[in-house]
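# Chains, contacts and geometry: an overview
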Amino acid sequence: MRSNRSSGNRTTELRLVHLMRAVRISGWRRGSLLPGRPDFIFCHARVAVFVDGCFWHGCACRRVPKTNRAYWVQKFLDNRARDRRSDAALKKQRWTVIRVREHSLRRHPELVLARISAVLSKAGAREAQTAGK
């Protein structure tokens, strides 16, 4: 089991960086210490983006390892529970949370970017509305 260490989802995150730069989505930061440690945050819009690796989050597109199956099933359940707690903590602090699955980014990057853009647009409109009050 030691050989199954997470090396992060660096390549997936870098793919999203490349895609966001290509369509000129800007204003994001990395390395936040917010609950759950979002992969990207848009401070002004209060949007947190998580890029979830399919293996570590127990996505249906990946198989559960055959050896020590009970351990892995529980690990994936625990990871998803932790994700829900992180989302709840961020929402309590009035952040909008976007979760992107690794396979979605690979198969349908245009949909992922459209979703991020839509949420940022909505957050920008909300910010402008509250600034005018």
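Each remark here, short or long, concerns the structure printed above.
Residues numbered from 1 in each chain as written. Predicted model: local features only at pLDDT ≥ 70, side-chain atom pairs only at ≥ 80, totals over all residues. Heavy atoms only, no water.

So, on to the pattern of salt bridges. Inspection of the entire model under this criterion finds six salt bridges. Asp52 is the partner of Arg99 in a salt bridge, and the nearest nitrogen-oxygen pair spans 2.9 Å. With Arg99 in strand β3 (residues 96–101) and Asp52 in strand β2 (residues 47–52), this pair connects stretches of sequence that are 47 residues apart. Grouping residues by exposure puts Arg99 and Asp52 together as buried. (Salt bridge = Lys/Arg side-chain N within 4 Å of Asp/Glu carboxyl O. Helix = DSSP H or I, 4+ residues; strand = E, 2+ residues; numbered from the N terminus. Buried < 20%, exposed > 50% of the residue type's maximum accessible area, 1.4 Å probe, protein only.)

This part covers helix α2 (residues 69–92). For α2, with 24 residues, the first-to-last C-alpha span of 35 Å sits near the 34 Å given by 1.5 Å per residue. When α2 is considered as a whole, its buried residues turn out to be Trp72, Phe76, Asn79, Asp83, Ser86, Asp87 and Leu90. Buried positions along α2 lie against β2 and β3. Note on α2: the residue one or two positions beyond its end, Arg94, has a positive phi of about 65 degrees. (Expected span 1.5 Å × (residues − 1). Contact = heavy atoms within 4.5 Å.)

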